[in-house]
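In case you want the letters, here they are:
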Amino acid sequence: GTPPAERAGYILMERIRPPTLEAMLMKGGNVESGPCACELGIYGLFLGDGERVFLNQSAGHLLRVKLSTVNEGGVVAGFAALGSPVLYP
């Protein structure tokens, strides 16, 4: 087998399998349905000089939804669709 020290390098490469929900996606005028996964990206702005922080704030978000069977992830390439998060208190 692979030595433990070498195996440790592959742990971060395991695929993350998020929970899925049934959803309908419209891509290119076609509707596809099935189990979907969401990926939420949070964007931020940071400006500093190594000693001082001049700006550190959130800058928005992007929710990408794709069929769980898809290994690609691009919205522009047609593999995913944009979504809007609904947050409950």
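Data block above holds the structure.
Residues numbered from 1 in each chain as written. Predicted model: local features only at pLDDT ≥ 70, side-chain atom pairs only at ≥ 80, totals over all residues. Heavy atoms only, no water.

**Q** When you look at the state of the cysteines in this model, what are you seeing that I'm missing?
**A** Here a disulfide denotes one covalent bond, and it connects the sulfur atoms of two cysteines. Per the stated rule, a full pass over the model turns up zero disulfides. Here Cys38 stays free of any disulfide, with the sulfur of Cys36 as its closest cysteine sulfur at 7.5 Å. (Disulfide = S-S within 2.5 Å.)

**Q** Help me out: how do you make sense of the layout of surface pockets in this one?
**A** By volume, the largest pocket is sized at about 190 Å³. Together, Arg15, Ile16, Arg17, Pro18, Thr20, Ala37, Cys38, Glu39, Lys66, Leu67, Ser68 and Val70 line the largest pocket. Listing elements by their share of the lining of the largest pocket, those giving two or more residues are β2 (30-48) and β3 (53-67). Per-element tally for the lining of the largest pocket: the top contributor is β2, with three residues. One number sums up the size of the second largest pocket: a volume of about 160 Å³. The set of elements that each furnish at least two residues to the lining of the second largest pocket consists of β1 (21-27) and β2. Partitioning the lining of the second largest pocket into residue classes produces seven nonpolar, one polar and one charged. (1 Å grid on protein atoms, 1.4 Å probe; cavity = no way out; pocket = protein on both sides within 12 Å on 5 of 7 lines; lining within 4 Å. Points joined across faces, edges and corners; volume = space filled by probe spheres on them. Helix = DSSP H or I, 4+ residues; strand = E, 2+ residues; numbered from the N terminus. Nonpolar A, V, L, I, M, F, W, Y, C, P; charged D, E, K, R; others polar.)

**Q** Looking at this structure, how should I read the environment of Val53?
**A** Assignment of secondary structure puts Val53 in strand β3. For Val53, a relative accessible area of 53% corresponds to the exposed category. Placed 20 residues apart in sequence, Val53 and Ser33 show a C-alpha to C-alpha distance of 46 Å. If we ignore the near neighbours within four places in the chain, the residues touching Val53 are Phe46, Leu47 and Gly48. (Buried < 20%, exposed > 50% of the residue type's maximum accessible area, 1.4 Å probe, protein only. Contact = heavy atoms within 4.5 Å.)

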